[in-house]
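Single-letter residue listing:
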Amino acid sequence: MVVSFSSIVQHNTVITNSGHGACDFPAVPSNPTTEKFSVDIGKACPNSLKINTVTDYLPPAALMDLAEARSLLKYWLEFNCPNSLCQMQPRAERIRTCRSCTFDSIAHYLLRHAIVRNETLLTVQVGAMDGRSNDPMYAIFVKQQSDLFSNLHHWLPVIIEPVPQNYEHLLDTYTGIAETHALGCAVPINAAVSYDVGKSECPFCRVNLAEDSPRVCKDLPDWMRLQIGSLDCEHSKRLFRNVFDQCIIQDPLPCSSISNLLKERFVPHNNVVILQVDIEGYEFILVPNFLQDVGENSALPLVIHFETKVLLELDRTQPSAHGGNKSRLGTVTEALTSKGYVLYDDWEDMLAIRI
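First things first, this report covers the structure right here in the doc.

**As for the sheet that holds strand β5 (residues 187-189)**
Now for step 1: As summarised here, the arrangement of the 7 strands in space is β5-β4-β3-β9-β10-β12-β11, forming an open sheet in which the pairing is mixed. With one partner strand each, in any of the chains shown, β5 and β11 (341-346) form the two edges of the open sheet. Strand-to-strand twist in this sheet, taken as the mean axis angle between neighbours without regard to direction, amounts to 15°.
Now for step 2: When strand β3 (residues 121-126) meets strand β4 (residues 155-160), the two strands line up parallel, connected through 6 bridges. Each bridged residue has a counterpart across the sheet, and for L121 the counterpart in β4 is W155.
Now for step 3: Relative to β4, helix α8 (residues 164-181) is tilted by about 165°, and along the sheet it contacts β3, β4 and β5.

**Some details on helix α15 (residues 309-317)**
Now for step 1: Looking at α15, one finds that the buried residues are V310, L311, L314 and D315. Down the axis of α15, the buried set is contained in an arc of 135°. They therefore lie on one face.
Now for step 2: Contact partners of the buried residues in α15: α11 (233-240), α14 (283-294), β10 (303-307) and α16 (328-338).

**Details of the sheet that holds strand β8 (residues 248-256)**
Backbone hydrogen bonds are what pair the strands of a sheet, in a parallel or an antiparallel way.
Now for step 1: Spatial ordering of the open sheet is given by β6-β8-β7, a layout of 3 strands whose pairing is mixed. Pairing within the sheet leaves two strands with one partner each, and these edge strands are β6 (192-193) and β7 (201-207).
Now for step 2: Examined bridge by bridge, β6 and β8 share 2 bridges and lie parallel to one another. When the bridges of β8 are listed, A192 appears paired with C255.
Now for step 3: The sheet strands contacting α11 are β7 and β8, and the helix crosses β7 at an angle near 10°.

Definitions and limits used
Residues numbered from 1 in each chain as written. Predicted model: local features only at pLDDT ≥ 70, side-chain atom pairs only at ≥ 80, totals over all residues. Heavy atoms only, no water. Pairing = 2+ DSSP bridges. Helix = DSSP H or I, 4+ residues; strand = E, 2+ residues; numbered from the N terminus. Axes fitted to C-alpha atoms, helices over the stretch in contact; angles between N-to-C directions. Contact = heavy atoms within 4.5 Å. Buried < 20%, exposed > 50% of the residue type's maximum accessible area, 1.4 Å probe, protein only. Arc of directions from axis to C-beta.

Purely geometric numbers; function is a separate question.
If you want it as structure tokens, here you go:
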């Protein structure tokens, strides 16, 4: 059973938020927003990007306070994800015993909190592809939005996608979201995430999607053509085998750390609430480096959700190819637990919540 918001704190109040109606939500202390918790909307959401001109409503400059949201999240965890029942259980079993311990439930909870406080929920997605296909953020905030929220004014998505063709489709998707779901702003970034210090370009392997590409490349299944791009070109060679030379383009693409990419777009890197990652097995490099790069525990995202399917397959078929003593998935989970995250199996993904 999903516990109502009003039941998880000692005192609650009904808050009326213009345009959203009234809803029960835990009373929270009213802390003045400081510069640290603000975003320069004019710079982060330039009019030169069509996505940001569809509606007249831009998100609030005040970002969700991580410390405040974390205190609420502890109550949510207590009632929705009791450790003895839910932690690291297989998803099929957890659905029976912990139905509300899910990525979509926690994301909705945090967005509702942002709406009530008239703040902005800042999320970052690495490997956004076209913004729609097999995309948990699209499923959570767009497909389910009409049943929960009247608009998406209080959501600020940073969407990172390196493949040029996918990036163009991503722009189209989010322009459509702005038109149909009243999203006020999005921050798309056409780059790869890398923690190789000093590099501004990185070799990136992707399928040739050009009209004149060989027939064998066009006949590849969509998930291989559109979703399989990686900084790990050796992995691409093993995956595509005899068609690698015919179908894979090794492009130099702009690359940098998540923090640097956000700073370049005038988005604070230390107030990301949700990080979603799907980068075809490269999570074992990105996640530990991201955690180290952020530094302060207080600035880490409250929620990290990432795909495990490819990591598990690589650990099964190529256990030592990455050169480490631990499994790839073990490298990620150890880095997360060392920073205070509790982990929950989520089918082919993993949900990490910082408590």
